[in-house]
Protein chains: 2
Amino acid sequence: MADPKRTRNTQQRQRILRVIQAAGCHLTAREIHRRVGQNGRAIGLATVYRALEAFARAGLVESASLGGRAIRYGLAAEHHDHVVCLECGKWQPLGRCPAPRAPRGAAPGFRVTGHRLEFFGYCEECR
Amino acid sequence: MADPKRTRNTQQRQRILRVIQAAGCHLTAREIHRRVGQNGRAIGLATVYRALEAFARAGLVESASLGGRAIRYGLAAEHHDHVVCLECGKWQPLGRCPAPRAPRGAAPGFRVTGHRLEFFGYCEECR
DNA sequence: CAGGTAAGTGAGAATCTTTCTCACTTCGCG
DNA sequence: CGCGAAGTGAGAAAGATTCTCACTTACCTG
Ligand SMILES: [Mn+2]
Ligand SMILES: [Mn+2]
Ligand SMILES: [Zn+2]
Ligand SMILES: [Zn+2]
């Protein structure tokens with residue numbers, strides 16, 4: 001089989017990953033870009049997207065999205081789901097995953113590699 | 001308490017809803033816009049978005065999103081989840097919802113009004 | 001049914017997010 | 001070192017969604 005395209009360990013990616021690790025929550029590409037720019041010279045926004053794509057391919061980060069808001073990225077060390085407030089947009093990880101590994105009796109021939117589960121509603125302050 | 005902002009039954013919204021009902025799957029705002037324009041005079045794209053927002057508020061339609069792709073809208077008469085192919089983007093509804101009504105032992109004080117569950121992986125042709 | 005009014009509409013601009021292009025740089029491997 | 005592929009930066013481009021504002025229309029009242 002073909003070589004899995006190899007990926008380099010550049011300074012930009014190190015800085016980007018450090019920001020993601022330091023964050024206690026999921027960040028948008030723009031937020032990551034801004035934070036990286038605060039600890040040193042700014043990097044291109046496209047570079048952030050490319051790095052996130054590479055990290056996601058490598059299984060290092062996970063992405064999640066809701067409504068029209070931007071996609072958020074965070075460490076994917078262990079799978080988890082989220083609870084999102086429809087009013088203030090607050091985002092909380094769930095301790096345990098309540099979804100089954102794969103849907104029962106679903107699309108035949110489909111190989112499930114993962115899932116994304118988001119509960120939405122209203123947080124304590126917004127309800 | 002204040003009157004819940006009332007919503008009007010305009011010709012545009014009727015046409016939009018008809019398109020959504022006729023579709024066998026979830027559509028993007030742009031797709032809906034195009035289809036509506038095919039059975040009569042075109043309507044504004046912003047009107048489509050406003051109608052979808054109103055329908056969603058009213059619980060008539062549900063939205064779902066994956067990755068950077070556009071949000072898709074479909075009838076929410078009955079809740080259902082999806083299976084999405086990471087390669088070709090194909091989108092399939094699931095017959096039964098495998099997720100619990102609410103996460104166990106999750107965010108305290110959070111009122112869950114719904115959820116979105118997407119299984120992803122590779123469809124028969126793409127694996 | 002006529003009139004008043006607030007919700008809705010259309011066209012286009014504006015915002016945002018994400019992707020792409022291309023010349024230039026750097027990492028990783030001899 | 002020295003090469004070649006992967007990565008980068010700046011900006012353009014592509015899309016998606018929202019906003020503005022003058023104009024229209026559904027719907028309630030009398
Ligand atoms: Mn998370
Ligand atoms: Mn899960
Ligand atoms: Zn909230
Ligand atoms: Zn596929």
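Predicted, not measured: the structure shown is a model, and the values here were computed from it. (Residues numbered from 1 in each chain as written. Chains lettered and ligands numbered in written order. Predicted model: local features only at pLDDT ≥ 70, side-chain atom pairs only at ≥ 80, totals over all residues. Heavy atoms only, no water.)

This next bit is on the domain arrangement of chain A. All names here are of chain A. When its domains are assigned, chain A resolves into domain 1 (4–75) and domain 2 (79–127). Computed from C-alpha atoms alone, the centre-to-centre distance between domain 1 and domain 2 is 21 Å. Taken together, the contact pairs nine residues of domain 1 with nine residues of domain 2. With both chains or domains summed, domain 1 and domain 2 bury close to 790 Å², and 56% of this area falls on carbon and sulfur atoms. (Domains from an automatic or database assignment. Contact = heavy atoms within 4.5 Å. Buried area = accessible area lost by both parts, 1.4 Å probe.)

Every one of the 23 residues lining DNA strand D counts as a neighbour, but Arg 8, Thr 10, Thr 47 and Arg 50 of chain A together with Tyr 49 of chain B are closest to it. Here the atoms of DNA strand D within 4 Å of the protein split so that 64% fall in sugar or phosphate, with bases taking the remainder. One of the side-chain nitrogen or oxygen atoms of Tyr 49 of chain B is found 2.5 Å away from a phosphate oxygen of DNA strand D. Only α1 (11–22) and α3 (45–57) of chain A together with α3 (45–57) of chain B provide two or more residues apiece to the surface near DNA strand D. Among the elements that line the surface near DNA strand D, the one with the most residues is α3 of chain B, at four residues. (Near = heavy atom within 4 Å. Polar contact = N/O pair within 3.5 Å; in protein donor to acceptor, adjacent residues only side chain to side chain. Helix = DSSP H or I, 4+ residues; strand = E, 2+ residues; numbered from the N terminus.)

What follows covers the sheet that holds strand β5 (residues 91–93) of chain A. Read across the sheet, six strands follow the order β5(A)-β4(A)-β6(A)-β6(B)-β4(B)-β5(B) without closing on themselves; strand pairing throughout is mixed. Strands at the two margins of the open sheet, each flanked by one partner only, are β5 of chain A together with β5 (91–93) of chain B. The sheet shows a mean angle of 25° between the axes of neighbouring strands, taken without regard to direction. (Pairing = 2+ DSSP bridges. Axes fitted to C-alpha atoms, helices over the stretch in contact; angles between N-to-C directions.)

This next bit is on the environment of Val 19 of chain A. Residue and element names in this part refer to chain A. Of note, Val 19 is situated in helix α1. According to the relative accessible area criterion, Val 19 is buried, its value standing at 7%. Taking C-alpha positions, Val 19 is 29 Å from Gly 121, a pair spaced 102 residues apart along the chain. (Buried < 20%, exposed > 50% of the residue type's maximum accessible area, 1.4 Å probe, protein only.)

Attention now goes to the sheet that holds strand β2 (residues 61–64) of chain A. Residues and elements named next belong to chain A. Here we have three strands laid out as an open sheet, ordered β1-β3-β2, and antiparallel in their pairing. This sheet does not close on itself; its edge strands, each paired only once, are β1 (27–28) and β2. The pairing of β1 with strand β3 (residues 72–75) spans two bridges and is classified as antiparallel. Its bridge partner being in β3, Thr 28 is matched across the sheet by Arg 72.

To continue, consider the protein's contact with DNA strand C. Taken together, 23 residues lie near DNA strand C, and Arg 30 and Tyr 49 of chain A together with Arg 8, Thr 10 and Thr 47 of chain B sit nearest. Between DNA strand C and Arg 8 of chain B there is a distance of 2.4 Å, counted from a base nitrogen to a side-chain nitrogen or oxygen. Contacts to DNA strand C include Gly 44 of chain B, whose backbone N or O atom sits 3.1 Å from a phosphate oxygen. Within the residue set of the surface near DNA strand C, elements represented by two or more residues are α3 of chain A together with α1 (11–22) and α3 of chain B. Across the surface near DNA strand C, the residue classes break down as seven nonpolar, seven polar and nine charged. (Nonpolar A, V, L, I, M, F, W, Y, C, P; charged D, E, K, R; others polar.)

Time to look at the pattern of salt bridges. One pass over the full model with this rule turns up six salt bridges over all chains. Salt-bridge contacts for Arg 116 of chain B lead to Glu 118 of chain A; the nearest nitrogen and oxygen are separated by 3.7 Å. Here Arg 116 of chain B, found in strand β6 (residues 111–122), pairs with Glu 118 of chain A, found in strand β6 (residues 111–122), and the two come from separate chains. Both residues of the pair, Arg 116 of chain B and Glu 118 of chain A, count as buried. (Salt bridge = Lys/Arg side-chain N within 4 Å of Asp/Glu carboxyl O.)

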